[in-house]
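Structure assessment
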Amino acid sequence: MNLISLLSTLVLSGLPVTIPDADAEPSQETLRVVTTLPHLAWVAEQVGGERVEATAVGRGYNDPHRILPTPILMQEVAKADLFVEVGMSLELWAQRVLDGARNARVRRGAIGHVFAGRGVPVLQVPANVTRAQGDIHPQGNPHIWLHPLNVIVEGENIAAALSRIDPSHAAEYEQNVETLRKMIHERLYGAELCELITGRRLERYHRAGTLFDFLQRDYRGEKLADRLGGWLGKAYPKRGMPVVVYHRMWPYFEEAFGIRVVGEIEEKPGVEPSNSHLDELVKNAQQAGVKHVIHAPYYSSTKTRSIAERIGAEAIAVPTDVDATPECPDYPSLIDIMLARVYD
Ligand SMILES: [Zn+2]
């Protein structure tokens, strides 16, 4: 009996049919990329182009630390060729999703798994890796994507992973990372300054923490800062603006755009504040002249509003991932909206 007639017999008999799955190899058409968070799916699409189909299991309005590892998420991951997570203990729930998916291609350590945050200069690294008092940032601050330059690093990591599972298109993925880098540079600094100084050089100064001083230099009788456009063109004039935040998720945004976080409502990441912590916070915020208390939409707006009131400031909900609201379907529009909420 040949295979076709065997299958027909089984189908007619009503027995369950499993067509032999000869290939653990990814399909030839498109690679299925599943990411933990929506901005990573956007990055994967930029880097993979038409070669990939990327979806996120988390939603932009979810707390990225606390996504429920449901069977539906596991089913998504069961079909994936590549699984992407930020790492640094941000998505502690991802391990359970991976376990439930039973997809050997994408388990941690396999060729189809990547930590997109690898190689990012990590901020707020504690002296000891500890979850003392419930701290949910034991390996440093994992909210890296709020600095646009870190999204380029995520792109590099995803491109390297795609090249591992699909080496014949490696050159294409590498080229797409360069396109992503150029797009982020132009969005960050404006096309004019990128032309004048080169995006690469601006990136280097930004990383080194010397960009803001560099922009004060004269160029043909004008300050370089006057040539600044893009996201930083909006944020730079307001650098040093003091804010209070709910969760300690803003250091990368602080480094990118120059706001100054005076304090957090949470006493430690993931830990409810004590009254004495809040009294101290209100005092410091008033002294610093804080006018904005910012929080991701999934944190308590009631608590944030009451603290803002005590300070004499305004509570502002700011989306922190792609698709958190219909206004930010991609990464560039996310940063647009974030800057508009924080600064306008
Ligand atoms: Zn966090």
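Quick caveat, the model's predicted, so the values are computed rather than measured. (Residues numbered from 1 in each chain as written. Predicted model: local features only at pLDDT ≥ 70, side-chain atom pairs only at ≥ 80, totals over all residues. Heavy atoms only, no water.)

Protein coordination at the zinc ion: the donors are His-65 (NE2), His-137 (NE2), His-143 (NE2) and His-247 (NE2), at 2.0 Å from the metal. What the 4 donor atoms of the zinc ion show is an angle range of 107 to 114 degrees at the metal, which sorts the shape as tetrahedral. Positions of the donor residues of the zinc ion, expressed as sequence spacing, correspond to H-x71-H-x5-H-x103-H. A residue pair is termed long-range when its members are at least 10 positions apart, and His-143 in the loop between strand E4 (113-115) and helix H5 (148-165) and His-247 in the loop between strand E7 (242-245) and helix H11 (251-257) qualify at 104 residues. A relative accessible area of 0% places His-143 in the buried class. (Donors = N, O, S within 2.8 Å, 3.2 Å for Na, K, Ca; no water. Tetrahedral: all angles 85-135°; square planar, octahedral: opposite > 155°, others 65-115°. Helix = DSSP H or I, 4+ residues; strand = E, 2+ residues; numbered from the N terminus. Buried < 20%, exposed > 50% of the residue type's maximum accessible area, 1.4 Å probe, protein only.)

On to the sheet that holds strand E8 (residues 260-264), then. The sheet built from 4 strands is open, its strands ordered E8-E7-E9-E10 with parallel pairing. Of all strands in the sheet, those bounded by a partner on one side alone are E8 and strand E10 (314-317). Averaged over neighbouring strand pairs, the angle between their axes works out to 35 degrees when direction is ignored. As paired elements, E7 and strand E9 (residues 292-295) share 3 bridges and run parallel to each other. Within E9, the residue paired with Val-244 across the bridge is Val-293. (Pairing = 2+ DSSP bridges. Axes fitted to C-alpha atoms, helices over the stretch in contact; angles between N-to-C directions.)

Here we take up the side chain of His-39. Inspection of the secondary structure assignment puts His-39 in helix H2 (residues 38-48). With a relative accessible area of 0%, His-39 lands in the buried category. Other than its neighbours up to four places away in sequence, His-39 contacts Val-86, Trp-145, Glu-154, Asp-321, Val-322 and Tyr-331. (Contact = heavy atoms within 4.5 Å.)

Applying the stated criterion to the full structure yields 8 aromatic pairs. With a centroid separation of 4.9 Å and an interplanar angle of 55 degrees, the aromatic rings of Phe-253 and Phe-257 are classed as tilted. Placement of the pair is Phe-253 and Phe-257 together in helix H11, with a separation of 4 residues, close to one helical turn. You can call Phe-253 buried: its relative accessible area is 0%. (Phe/Tyr/Trp six-rings, centres within 6.5 Å; stacked < 30°, edge-to-face > 60°.)

The domains assigned to the protein chain are domain 1 (31-119 + 134-167) and domain 2 (229-343). Computed over C-alpha atoms, the centres of domain 1 and domain 2 are 25 Å apart. With 24 residues of domain 1 at the contact, the number on the domain 2 side is 26 residues. In total, domain 1 and domain 2 occlude about 2,100 Å² of area from one another, counting both sides; carbon and sulfur atoms represent 64% of this. Where domain 1 meets domain 2, there are 0 salt bridges. Run the count over domain 1 and domain 2 and you get 9 residue pairs in polar contact (both at pLDDT 80 or more). Of all the secondary-structure elements, those providing two or more residues to the side of domain 1 that touches domain 2 are H2 and H5. Of the residues that constitute the side of domain 1 that touches domain 2, the class distribution is 11 nonpolar, 10 polar and 3 charged. (Domains from an automatic or database assignment. Buried area = accessible area lost by both parts, 1.4 Å probe. Salt bridge = Lys/Arg side-chain N within 4 Å of Asp/Glu carboxyl O. Polar contact = N/O pair within 3.5 Å; in protein donor to acceptor, adjacent residues only side chain to side chain. Nonpolar A, V, L, I, M, F, W, Y, C, P; charged D, E, K, R; others polar.)

A word on the environment of Val-282. Within the element layout of this structure, Val-282 appears in helix H12 (residues 275-288). For the pair formed by Val-282 and Trp-42, sequence separation is 240 residues and the distance between their alpha carbons is 38 Å.

Next up on the list: helix H8 (residues 199-208). Buried within H8 are the following residues: Gly-199, Leu-202, Glu-203 and His-206. Taken around the axis of H8, the buried residues stretch over an arc of 100 degrees, which confines them to a single face. Residues of H8 that are exposed and point over 90 degrees away from its buried face: Arg-204 and Ala-208. Immediately beyond the C-terminal end of H8, within one or two residues, lies Gly-209, with a positive phi of roughly 80 degrees. (Arc of directions from axis to C-beta.)

Quick look at the sheet that holds E4 now. To summarise the sheet geometry, strands pair through backbone hydrogen bonds and adopt either a parallel or an antiparallel arrangement. Strand order in this open sheet of 4 strands is E2-E1-E3-E4, and the pairing throughout is parallel. Edge strands, defined here as strands with exactly one partner in the open sheet, are strand E2 (52-56) and E4. With direction set aside, neighbouring strand axes in the sheet form an average angle of 20 degrees. Judged from the 3 bridges that link them, strand E1 (residues 31-35) and strand E3 (residues 82-85) form a sheet pairing that is parallel. Bridge pairing in E3 places Val-33 opposite Leu-82. Its contacts with the sheet put H2 on E1, E2 and E3, and the angle it makes with E2 is roughly 175 degrees.

This brings us to the packing of H5 against H8. Direction vectors running N to C along H5 and H8 enclose 110 degrees, while the axes themselves pass 11 Å from each other. When the axis of H5 is compared with that of H8, the two are roughly perpendicular. The way H5 lies across H8 gives a crossing that is left-handed. Of the residues in H8, those touching H5 at Leu-149, Asn-150, Ile-152 and Val-153 are Glu-203, His-206 and Arg-207. When grouped by side-chain class, the residues that make up the contact of H5 with H8 number 3 nonpolar, 2 polar and 2 charged. (Parallel < 35°, antiparallel > 145°, perpendicular 65-115°, else oblique. Left-handed = near helix turned anticlockwise from the far one by under 90°.)

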